[in-house]
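What follows is each chain in one-letter form.
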Amino acid sequence: MTKLTGGTMALVTFAPMELHFGKSNEAIVSINRYLSKFGYLTKTADHTAWTQESADALRQYQLFFQLTPTGHLDLETAALMSTPRCGVPDTGPTVPPAGRESECMLRGTQTRTFFYLNFPADLHPREIQERIVNAINKWRKYLPFDIRQNSDIGTARDFWFGWTRLDHDDGSPFDGRGGILAHAFLPGSCGGRWAGQCHFDTDERWGFNHSNLGAIRDFESVALHEIGHLLGLTHSSNRDMVMASHYYMCNRRELGTEDVSRIRSLYGT
Ligand SMILES: [Zn+2]
Ligand SMILES: [Zn+2]
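Computed from a predicted structure; not experimentally measured. (Residues numbered from 1 in each chain as written. Chains lettered and ligands numbered in written order. Predicted model: local features only at pLDDT ≥ 70, side-chain atom pairs only at ≥ 80, totals over all residues.)

K.L.:
Is there a simple way to think about the overall build of the protein in this case?
P.N.:
Within the protein, the secondary structure is distributed over 7 helices and 8 strands. The C-alpha atoms of the protein give a radius of gyration of 18 Å, which matches the 18 Å a tight globule of 269 residues would have. With respect to the principal axes defined by its C-alpha atoms, the protein has extents near 55 × 40 × 35 Å. Relative to its full complement of 269 residues, the protein shows a buried share of 36%. Put simply, 66% of the contacts in the protein that link residues at least 6 apart link residues at least 24 apart. (Helix = DSSP H or I, 4+ residues; strand = E, 2+ residues; numbered from the N terminus. Rg over C-alpha atoms; globule rule 2.2 N^0.38 Å. Buried ≥ 20, exposed ≤ 12 C-beta atoms within 10 Å, placed from the backbone. Contact = placed C-beta atoms within 7 Å.)

K.L.:
It is not clear to me how the pairing of strand β2 (residues 112–116) should be interpreted in this structure. Could you clarify?
P.N.:
Regular strands have side chains that alternate between both faces of the sheet. Across 3 bridges, β2 lies against strand β3 (residues 147–149) in parallel orientation. Bridge assignment links Arg112 to a residue of β3, and that residue is Ile147. Viewed along the sheet, the connection from β2 through helix α4 (residues 125–140) into β3 turns out right-handed. Judged from the 3 bridges that link them, β2 and strand β4 (residues 159–164) form a sheet pairing that is parallel. Paired with Phe114 across the bridge in β4 is Phe159. (Pairing = 2+ DSSP bridges. Right-handed = clockwise from strand over helix to strand, strands pointing away.)

K.L.:
How should the pairing of strand β6 (residues 197–201) be read in this particular structure?
P.N.:
In terms of burial, β6 is largely enclosed, as 4 of its 5 residues are buried. Of the pairings in the sheet, the one linking strand β5 (residues 180–184) to β6 comprises 3 bridges and is antiparallel in character. Note on β6: the bridge partner recorded for His183 is His199.

K.L.:
Hey, could you run me through the nonpolar core in this one?
P.N.:
Here is a general trend for soluble globular proteins: nonpolar side chains tend to be buried in one another's company. Formed by 40 residues in total, the largest nonpolar core has its most connected members in Val222, Ala223, Ile227 and Leu231. Looking at this core, the elements that each hand over two or more residues are α4, β4, β5, β6 and α6 (219–230). At 6 residues, the largest contribution of residues to this core is made by α6. By size, the runner-up hydrophobic cluster in this structure holds 13 residues, among which are Ile28, Ala57, Leu58 and Tyr61. (Core = buried A, V, L, I, M, F, W, Y, C linked by C-beta atoms within 7 Å.)

K.L.:
Looking at this model, I keep getting lost on the sheet that holds strand β1 (residues 85–86). Mind explaining?
P.N.:
Sheet strands pair by backbone hydrogen bonding; their relative direction is either parallel or antiparallel. Judged by pairing direction, the sheet is mixed, and its 6 strands sit side by side in the order β1-β5-β6-β4-β2-β3 without closing on themselves. Each of the sheet's edge strands pairs with one partner strand only, and the pair in question is β1 and β3. Packed on one face of the sheet, α6 meets β1, β4, β5 and β6 and runs near 30° to β5. (Axes fitted to C-alpha atoms, helices over the stretch in contact; angles between N-to-C directions.)

Right, here's the structure in full:
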């Protein structure tokens with residue numbers, strides 16, 4: 001297990017291990033914290049030991065991603081948990097269950113607007129803006145409303161894009177390089193006071209070039225995913241979809257068939 005210090009939530013690479021009820025160590029605390037962060041374990045309890053509840057939560061995680069629900073940290077599960085991902089929970093109180101997504105969607109047909117909270121020091125704002133527009137355009141054709149940039153100072157916007165790191169006071173801390181890359185809040189009661197906000201982790205190495213992969217994250221692929229959340233979509237357990245929870249080592253700048261059918265079904269387009 002490797003660990004980066006300096007964050008409120010350490011970046012952890014998970015290794016396969018035997019899990020026994022009642023056992024408690026740093027690795028188990030990390031697994032429990034991961035399951036809690038992404039909605040599989042209740043956040044209220046202090047999960048320091050491996051319990052029946054932990055094993056049930058791990059099985060729920062495995063089932064969501066179509067892995068064998070062993071309740072153990074096997075090789076496949078450990079690898080998936082170590083894969084960089086979006087910070088939005090897969091399930092839990094802030095995520096509408098399947099069939100009830102319409103509880104957290106944008107109502108009406110009025111034009112929606114977006115703007116930027118800030119830009120990172122090491123990337124060109126114009127490049128970021130182009131990629132955000134590209135990503136918005138992929139979703140826009142399936143929406144009953146338009147989305148435009150609004151640069152007028154002091155006016156209200158529906159969506160905000162910003163860059164931040166570690167704990168940034170919205171209840172969903174980032175974790176240094178790797179792990180969580182970005183997150184965005186769903187509309188309405190699901191996102192609450194943060195609805196419309198999309199944050200990217202400044203600690204990641206971001207890139208814009210299709211061939212520039214490896215440790216570099218493709219900004220446009222991640223933006224396309226996060227905008228799906230701003231519009232009300234939850235995570236998909238299909239790893240080939242833009243709305244998959246994890247960012248696999250590939251660029252994903254085009255919506256998949258399930259992404260399209262979900263956004264169309266949500267907005268009736
Ligand atoms: Zn996500
Ligand atoms: Zn945030």
